[in-house]
Amino acid sequence: MKKIFLTIITLGLFTNCTLDNKDIDLDAINAPQNISALITIAQDNSGKVTITPRGEGVSQYEVYFGDTTTEPAQVAPGQSVLHTYASEDTFTLKIIGISLNGKRTEVNQDVTISFLPPTNLVANIVKNDLTVTVTATADLETYFEVYFGDVANETPVLFNEGETISHDYTALGTYQVKVVAKNGGSVSIEYTQSVQITSAFPISAAPTPTLSPSNVISMFSNQYTNVPVDTWRTTWSAATLTDVLIAGNATKKYSSLNFVGVETVNAQINASAMTHFHVDYWTPNITAFRIKLVDFGANGIYQGTPNDDKEHELSFVPTQSGWNSMDIPLTNFTGLTTRNHIAQLIFSGNPSGAGTVYIDNVYFHN
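Residues numbered from 1 in each chain as written. Predicted model: local features only at pLDDT ≥ 70, side-chain atom pairs only at ≥ 80, totals over all residues. Heavy atoms only, no water.

Asks: Mind showing me how you'd approach unusual backbone geometry here?
Replies: A negative phi angle is the norm for most residues apart from glycine, just as the trans form is the norm for most peptide bonds. Omega for the peptide link from T305 to P306 comes to -5 degrees, which places this bond in the cis form. Cis geometry is adopted by the peptide bond preceding P351, which originates at N350 and carries an omega value of 0 degrees. The phi dihedral of D129 falls on the positive side, at around 60 degrees, and the residue is not glycine. Tracing the sequence through the fold places D129 in the loop between β8 (119-128) and β9 (131-139). Classification of D129 by relative accessible area gives partly exposed; the value is 26%. Here the phi dihedral of Q303 falls at roughly 50 degrees; this positive angle occurs in a residue that is not glycine. Within the element layout of this structure, Q303 appears in the loop between β19 (288-295) and β20 (310-316). The exposure class of Q303 is exposed, given its relative accessible area of 51%. (Helix = DSSP H or I, 4+ residues; strand = E, 2+ residues; numbered from the N terminus. Buried < 20%, exposed > 50% of the residue type's maximum accessible area, 1.4 Å probe, protein only.)

As structure tokens, this is what we get:
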């Protein structure tokens, strides 16, 4: 035990002598020198940057990123710090090297964040009646914008890859649907597709007539008192009749139309003082629409004796994107030389037996 005790005392004395001879003068330590940073930027448009501070005589680094981050990162010598920048720009890094005695050396260094633009944009724009759906994929994109083209100063709808955006149009017509792929960079790519919005049915009522009732003989209209009509579909017709409401307005719908007869035999119309025949019609698929007026003559009988019936048919090419409002001069019905006993109105169209037409505001006027 005595030997062990003497050994410990001897070692202690030796150690103390060593430290006394090796004292460090902290005040003599210089401030850090050659401060900089090695900066590497991820090439995946993530905005991630790896910063490795470098210098001499440094015991600790402080790194300020130059963006909205206010607190510095504390980095030990030889270590790195990872930081993510949210957008493109040139940011000024502030790197401070701190020596063992607290002396500080500060250096500014710029880091430029520049994102690659998105590529390989594929937009899938699908129309179904009045509705358009949009999906999209792209490389290096962060998100998408879509413009549907039916509103002035339109605010785009934002969506991500894998999402489906639907939009309902309120008016028929042709619209430019634009999809834009964006990321944090200043450059985007876009795709535009023209979309024609049609419908199997009208989305708005036929135009409201404005003529004075005193100048009108109305067969069918919400705006006027209508004369008696025997039938809006005779037994010999080749069409299906349905009475429907379009935006609250009574409308006649003829489907599977080949031809349809409308008769006023029991109360024949005297249109001798009238100058025009009016009808509003809407169709999604008819390519030729025909109107025939038939006058039963003075005897008021179809193919009576003598046979003084008069008739004439006109054909029209309709638009399929809205109501067709027809104001036809009766003089255009050149074969209809008498108009005192009009008893039949016949609608027909192509394709035969496959067309659909909506009818409203059927009247004579002057």
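Asks: How do you make sense of the environment of F333 when you look at a structure like this?
Replies: Here F333 lies in the loop between β21 (324-329) and β22 (342-350). As for F333 and V151, which are separated by 182 residues in sequence, their C-alpha atoms are 43 Å apart. Once residues within four sequence positions are removed from consideration, F333 is found in contact with F277, I291, L293, H312, L314 and I328. (Contact = heavy atoms within 4.5 Å.)

Asks: What is the right way to look at the side chain of D308 in this model?
Replies: As for its placement among the helices and strands, D308 is situated in the loop between β19 and β20. Despite its burial, D308 pairs with no opposite charge; the closest candidate is K310, at 7.8 Å N-O. Looking at D308, its side chain comes within polar contact range of the main-chain nitrogen of A298, at 2.8 Å. Polar side-chain contacts of D308 include one of 3.4 Å to the side chain of N299. Setting aside residues no more than four positions away along its own chain, D308 makes contact with D295, F296, G297, A298 and N299. (Lys, Arg positive; Asp, Glu negative; His and termini not counted. Salt bridge = Lys/Arg side-chain N within 4 Å of Asp/Glu carboxyl O. Polar contact = N/O pair within 3.5 Å; in protein donor to acceptor, adjacent residues only side chain to side chain.)

Asks: Please explain the pattern of salt bridges as it appears in this structure.
Replies: Should the charged atoms of two oppositely charged side chains come close, the side chains can pair. Overall, the coordinates contain 4 salt bridges when judged by the stated rule. Among the salt bridges present, the one from R104 reaches E62, with a minimum N-O distance of 3.0 Å. In this pair, R104 sits in strand β7 (residues 104-113) while E62 sits in strand β3 (residues 60-64), placing the two residues 42 residues apart along the sequence. By relative accessible area, which is 47% here, R104 ends up partly exposed. Owing to a relative accessible area of 12%, E62 belongs among the buried residues under this scheme. Between E311 and K292 there is a salt bridge; the shortest N-O distance is 3.4 Å. With E311 in strand β20 and K292 in strand β19, this pair connects stretches of sequence that are 19 residues apart.

Asks: Explanation requested: the sheet that holds β8 in the structure shown.
Replies: Spatially, β8-β9-β12 is the arrangement adopted by the 3 strands of the open sheet, whose pairing is antiparallel. Pairing within the sheet leaves two strands with one partner each, and these edge strands are β8 and β12 (165-168). Ignoring which end each strand starts from, the neighbouring axes of this sheet average 20 degrees apart. Strand direction decides the pairing type here: β9 and β12, joined by 4 bridges, are antiparallel. Its bridge partner lying in β12, V134 is registered against I165. (Pairing = 2+ DSSP bridges. Axes fitted to C-alpha atoms, helices over the stretch in contact; angles between N-to-C directions.)

Asks: Quick question: what am I supposed to make of the nonpolar core here?
Replies: If you look at soluble globular proteins, the nonpolar side chains tend to sit buried side by side. The biggest cluster of nonpolar side chains holds 33 residues, and the ones touching the most others in it are F277, I291, F347 and F364. For this core, the secondary-structure elements that each account for two or more residues are β15 (216-220), β17 (249-263), β18 (276-282), β19, β20, β21, β22 and β23 (355-365). In this structure F347 touches Y254, L257, N258, F259, V260, V262, V279, F289, R290, I291 and I359, once residues within four positions along its chain are discounted. (Core = buried A, V, L, I, M, F, W, Y, C linked by side-chain atoms within 4.5 Å.)

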